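Examining the three-dimensional arrangement
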Amino acid sequence: MRRIILFIILGVLVVFAFTRLFSRPKPQATAGTRKKSSDTLAIKTRKGKTAGQIKTKTKEELREERRRAQREERARRRELRRRQRELERLRRLSRRKRKTRSKRAKQIYVLKAIMKIDSEKFALIDSRRMAIGEEISGRRVVEIGDDRIVIEEFGRRREVRIGESLLPSVLTQKRRR
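Here's the deal with the side chain of serine 165
Turning to its location among the elements, serine 165 is positioned in the loop between strand E9 (156-161) and helix H3 (169-172). A polar side-chain atom of serine 165 sits 2.7 Å from the main-chain carbonyl oxygen of isoleucine 108. Separated by 3.2 Å, the side chain of serine 165 and the backbone nitrogen of leucine 167 make a polar contact.

Below, the structure is given as structure tokens:
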């Protein structure tokens, strides 16, 4: 009988010790303050269990947090618009470069090279071999030098170097506005 009483007392002591060790003490409110339910906020995990309690933010803190988030959002949008403007500017610049390249490609009657075959000299104008006295678009080849030719156009003589067009630059380029 003594053993049974001893086991019961020992069991009660073990249960009492476990409840004291593993249970959290509840905070006690002082006599002058009343505890509101909005003073603390329980953080819940995904399964719905309470992970702990934290203090809620004051109205001023919440307002300041909202303002900070709005400022960050405005700054993010401003940066996005700046990047879009920069990309559009680069696109316009690349289009301009393409247009200038195409103007150069549109030049016609360009003196490409001067060749000397045996004792005769020939001018290579747009993949056409021209000798002295031949005409192309109303312009006659009068003289062929080492790096230039002399053409006669409408009664006037003009020198054309390698890489230049036989036509005046006014006809090959559009007027700039």
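Thoughts on the confidence of the model for the chain
The pLDDT averaged across the chain works out to 79; a share of 72% of its residues lies at or above 70. Across residues 33-40, where pLDDT falls below 50, the model places eight contacts with residues more than four positions away in sequence or in other chains.

Describing the side chain of glutamate 153
Considering the arrangement of structural elements, one finds glutamate 153 in strand E8 (residues 148-153). There is a polar contact of 2.9 Å between the side chain of glutamate 153 and the side chain of arginine 158. When residues no more than four places from it in sequence are discounted, the contact partners of glutamate 153 are Gly138, Arg139, Arg158 and Leu166.

Considerations on helix H1 (residues 2-22)
Between the first and last C-alpha of H1 there are 30 Å, a value that for 21 residues agrees with the 30 Å anticipated at 1.5 Å per step. Along H1, only zero of the 21 residues are buried, which leaves the element largely exposed.

Brief notes about a positive patch on the surface
A grouping of Lys59, Arg63, Arg66 and Arg67 is seen on the molecular surface, where their side chains present a positively charged patch. As for its placement among the helices and strands, arginine 63 is situated in helix H2 (residues 59-106).

With respect to the packing of aromatic side chains
Taken as a whole and assessed by the stated rule, the structure comprises zero aromatic pairs. If you follow arginine 129 out to its NZ or CZ, it ends over the ring of phenylalanine 122, 4.6 Å from the centre.

Some words on a nonpolar patch on the surface
Together, Phe7, Leu10, Val14, Phe18, Leu21 and Phe22 make up a nonpolar patch on the protein surface, roughly 720 Å² of accessible area in all. Among the structural elements, valine 14 can be located in helix H1. According to the relative accessible area criterion, valine 14 is partly exposed, its value standing at 39%.

What counts, and where the lines are drawn
- Residues numbered from 1 in each chain as written.
- Predicted model: local features only at pLDDT ≥ 70, side-chain atom pairs only at ≥ 80, totals over all residues.
- Heavy atoms only, no water.
- Helix = DSSP H or I, 4+ residues; strand = E, 2+ residues; numbered from the N terminus.
- Polar contact = N/O pair within 3.5 Å; in protein donor to acceptor, adjacent residues only side chain to side chain.
- pLDDT = per-residue confidence, 0-100.
- Contact = heavy atoms within 4.5 Å.
- Expected span 1.5 Å × (residues − 1).
- Buried < 20%, exposed > 50% of the residue type's maximum accessible area, 1.4 Å probe, protein only.
- Patch = residues over 30% accessible without salt bridge, like charges linked within 9 Å, V, L, I, M, F, W, Y side chains within 5 Å.
- Areas by Shrake-Rupley, 256 points an atom, 1.4 Å probe, with all protein chains shown as cover.
- Salt bridge = Lys/Arg side-chain N within 4 Å of Asp/Glu carboxyl O.
- Lys, Arg positive; Asp, Glu negative; His and termini not counted.
- Charge placed at Lys NZ, Arg CZ, Asp CG, Glu CD.
- Phe/Tyr/Trp six-rings, centres within 6.5 Å; stacked < 30°, edge-to-face > 60°.
- Lys NZ or Arg CZ within 6 Å of the ring centre and 35° of its normal.

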